[in-house]
Amino acid sequence: MPENQVSPPPCGFEKIHPSQLEKNDLFYMKLAYNQAIDAWNHGEVPVGAVIVKEEEVIASARNQTEANADPTAHAEMIAITQACRSIGDWRLTDARLYVTKEPCPMCAGAILSSRLDFVAFGAPDPAMGGLGGAIDVNALPKSNHRAEIVGGLLGEECLALIQGFFQAARIKRTPDNPSSS
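Rules of the game
Residues numbered from 1 in each chain as written. Predicted model: local features only at pLDDT ≥ 70, side-chain atom pairs only at ≥ 80, totals over all residues. Heavy atoms only, no water. Phe/Tyr/Trp six-rings, centres within 6.5 Å; stacked < 30°, edge-to-face > 60°. Helix = DSSP H or I, 4+ residues; strand = E, 2+ residues; numbered from the N terminus. Buried < 20%, exposed > 50% of the residue type's maximum accessible area, 1.4 Å probe, protein only. Lys, Arg positive; Asp, Glu negative; His and termini not counted. Salt bridge = Lys/Arg side-chain N within 4 Å of Asp/Glu carboxyl O. Polar contact = N/O pair within 3.5 Å; in protein donor to acceptor, adjacent residues only side chain to side chain. Contact = heavy atoms within 4.5 Å. Pairing = 2+ DSSP bridges. Axes fitted to C-alpha atoms, helices over the stretch in contact; angles between N-to-C directions.

Caption draft 1: Broad picture of the packing of aromatic side chains. Evaluated as defined, the whole model comprises six aromatic pairs. Consider the rings of Trp 40 and Phe 165, whose centres lie 5.3 Å apart with planes at 80°: the pair is edge-to-face. You can see Trp 40 sitting in helix H1 (residues 25-41) and its partner Phe 165 sitting in helix H5 (residues 155-173), a full 125 residues away along the chain. Its relative accessible area of 2% is what places Trp 40 among the buried residues. Taken together, the ring pairs in this structure connect Phe 13, Trp 40, Phe 165 and Phe 166 into an aromatic cluster.

In structure tokens:
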């Protein structure tokens, strides 16, 4: 962990253990949610992503911006890179992305550039969301690719996780809190 970063607040959320019997959109979003919990436990904003092709997980990632000192190390970007390497092609046609928070404009651009066909996200991001929250990159009129977008999948849980992280971080940084050092 970088010297200027305080240790992460403890994660009070439990991982979800989905049944292997029914591999549907909710199943894959639960896997992404578990990646988000791993992100929290590593001091990162809790965002997780999973990419699936032909019902097989070909990539799973969590935010790593703090660990890598890299503003582009979002879960979606890392998962896209992993998925491309996994299949040996930059085109992720017929692949589906599941991510716990609405992708930012950078990630939304990468989603379209990689030709992902489907994106499901959990929590909307009205301030910085790139798939309808603040801006809709998917609706750019001259774009040569569009993805099917589904928002709100496991939305309450994903939003609670993100809000819980920032609330815990604020409490930890409060000068009145003896554990804020």
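Caption draft 2: Inspection of the side chain of Glu 44 at higher detail. On the secondary structure map, Glu 44 appears in the loop between H1 and strand S1 (48-53). In this structure Glu 44 is buried but unpaired, with Arg 62 as the nearest side chain of opposite charge at 4.9 Å. A distance of 3.1 Å separates a polar side-chain atom of Glu 44 from the backbone nitrogen of Thr 65. Of note is the side chain of Glu 44, whose polar atom sits 2.7 Å from the backbone nitrogen of Ala 67. If sequence neighbours within four positions are ignored, Glu 44 has contacts with Ala 39, Arg 62, Asn 63, Gln 64, Thr 65, Glu 66, Ala 67 and Phe 165.

Caption draft 3: Highlighting the sheet that holds strand S2 (residues 56-62). What the five strands build is an open sheet, ordered S2-S1-S3-S4-S5; its pairing is mixed. At either end of the open sheet lies a strand with only one pairing partner, and these are S2 and strand S5 (148-151). Sheet twist, expressed as the average angle between the axes of neighbouring strands with direction ignored, equals 15°. Relative to strand S4 (residues 118-123), strand S3 (residues 95-101) runs parallel, the two being bridged by five bridges. Following the sheet pairing, Val 99 is matched in S4 by Phe 121.

Caption draft 4: Quick look at the pattern of salt bridges. One pass over the full model with this rule turns up four salt bridges. Between Arg 91 and Asp 89 there is a salt bridge, with the nearest N and O atoms lying 3.2 Å from each other. Take Asp 89: its relative accessible area is 28%, and that puts it in the partly exposed class. Residues Lys 101 and Asp 125 are paired through a salt bridge, measuring 3.0 Å at the closest nitrogen-oxygen approach. Of the two residues, Lys 101 sits in strand S3 while Asp 125 sits in the loop between S4 and S5, which places them 24 residues apart along the sequence.

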